[in-house]
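Survey of secondary and tertiary structure
Read off the chains here:
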Amino acid sequence: MKKSIMALLLLGLPLSAWAKLPVVASFSIVADMTREIGGDRVEVSSLVGPDQDAHVFQPSPADVKKVAAAKLLVTNGLGMEGWMVRLSKAAHFKGVQVEAGKGIKTREAEDEDHHGHDHGHAGHDHGAVDPHAWHDPRRVLTYIRNIEAGLSQADPAGKPEYARRAADYAAKVKEMDAWAAKAFAAVPAAKRKMLTSHDAFAYLGERYQLQVLAIQGVSTESEASAKAVARLVRQVRQEKVAAVFMENMTDKRLLEQLAREAKVAIGGKLYADALSGPSGPAPSYLAMFRYNVDTILKSFK
C-alpha cells in the first residue's frame, strides 16, 4: 500500500485519487443509470430511495450534508424535482450539476392539473411538461449522454472509461427497446389499452402505440369522489380496457374499487417513479423496464 501511495505522489496525483467520485442522484432511477455509466470510479448516493416517491420527498439535514459533499449532482430535470433548487442552495453546492433529461423532446402534461393531484404540493411542480421520459428507451439514450458528460466533467481522468461504459449501456437499452417494440407490435392495436393509478406512462404509450388512461383529478392522498370513480368506470367499460395497474408507491384501494365496479382485472403492479429494493423485481432501470413491459403484455392476452 505504501508503495502505491508513493507511486501516486511521484506521478503528481493527489491521495484522493484513491477515493471514488462522490455523486448524489435525486432518485433511484437516475441513480442506477449513473452507477451503470460510472462503474467502479463512482460512489452514488440516491436522495429518494427504492419504492419512495420523489414527488413528496422532503429533504433532511442529512441530505443537505450529502449534497454538500458531492462533486456531481444528477437530477431528472423537466420539473420533476421541485425541491432540488432549495436543497442545492442550502448545501452551497459547488460541484457539477447535470439534468439527465435535458434536451429530450418532452410531452405536455395531459392538463393543467397533471397527475390530477400534485401529490400534496410538496415542492413538486411539473408545469406543463411530463417528466417521466425514462419510460421511453429512445429518450433514455439522451439521459445516458447527459450523465456521461457530467461524469467526464467532474472526473476528466475517467472520461475514456465513462465513454466505454455509456456505449455498452446504450447498446443494452437499444436492444431492450427493439424487444419491447416487437412484443407490443404482436398485440392488435385495439387491445393495447391500459389504465394506471398515476399518469406516468404516456411516454411508454407514445413509443409503442398503447392507449394509456390514467386516474386524473383523483388524489393519491385522499378518497376519490363517487362521481370521479363512476366516470372512470364508464371510461374503462367504453374503451374495453382489459386491466388496471397499480404502482409501487400508490394506495391500491381506489384501483381495487374501480376494478370491482368496472369488472376488470388488476393486471399487477408497475414501477413508475422508483425502482424496487434489491430483492424486488425491478432493482435496476433495465430490470424495471422489462418487468413493466412483461406485466403489461400479460394483461393484453
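What counts as what
Residues numbered from 1 in each chain as written. Predicted model: local features only at pLDDT ≥ 70, side-chain atom pairs only at ≥ 80, totals over all residues. Heavy atoms only, no water. Core = buried A, V, L, I, M, F, W, Y, C linked by side-chain atoms within 4.5 Å. Buried < 20%, exposed > 50% of the residue type's maximum accessible area, 1.4 Å probe, protein only. Helix = DSSP H or I, 4+ residues; strand = E, 2+ residues; numbered from the N terminus. Polar contact = N/O pair within 3.5 Å; in protein donor to acceptor, adjacent residues only side chain to side chain. Salt bridge = Lys/Arg side-chain N within 4 Å of Asp/Glu carboxyl O. Pairing = 2+ DSSP bridges. Axes fitted to C-alpha atoms, helices over the stretch in contact; angles between N-to-C directions.

**Observations concerning the nonpolar core**
With 71 residues, the main nonpolar core has Trp-134 and Tyr-285 as its most contacted residues. Membership of the second largest hydrophobic core comes to 15 residues, among which are Val-236, Val-241, Val-244 and Val-264.

**Overview of the side chain of His-132**
By the element assignment, His-132 lies in the loop between β6 (129-130) and α5 (137-154). Within the structure, His-132 has its side chain in polar contact with the side chain of Asp-273 (distance 3.4 Å).

**A short note on the pattern of salt bridges**
One pass over the structure, following the stated rule, counts eight salt bridges. The partner of Glu-206 in a salt bridge is Arg-139, with the nearest N and O atoms 2.9 Å apart. Of this pair, Glu-206 sits in helix α7 (residues 202-208) while Arg-139 sits in helix α5; the two residues are 67 residues apart in sequence, bridging distant segments of the chain. The exposure class of Glu-206 is partly exposed, given its relative accessible area of 35%. Residue class for Arg-139 comes out buried when judged on its relative accessible area of 9%.

**Structural notes on the sheet that holds strand β7 (residues 193-196)**
The parallel open sheet is built from four strands, whose spatial order is β8-β7-β9-β10. Each edge of the open sheet is held by one strand with a lone partner, namely β8 (211-214) and β10 (265-270). Mean inter-strand twist for the sheet, computed between neighbouring axes without regard to direction, equals 30°. Pairing of β7 with β8, which is carried by four bridges, proceeds in the parallel orientation.

**Here we look at the sheet that holds strand β4 (residues 96-99)**
Spatially, four strands are ordered β2-β1-β3-β4 in an open sheet, and the strand pairing comes out parallel. Two strands in the sheet have a free side with no partner beyond their single neighbour: β2 (42-48) and β4. Strand after strand, the sheet turns through a mean of 20° between neighbouring axes, direction not considered. The pairing of strand β3 (residues 72-75) with β4 spans four bridges and is parallel. If you follow Val-74 over to β4, its bridge partner there is Val-98.

Spatial relationships are all this shows, so hold off on functional conclusions.
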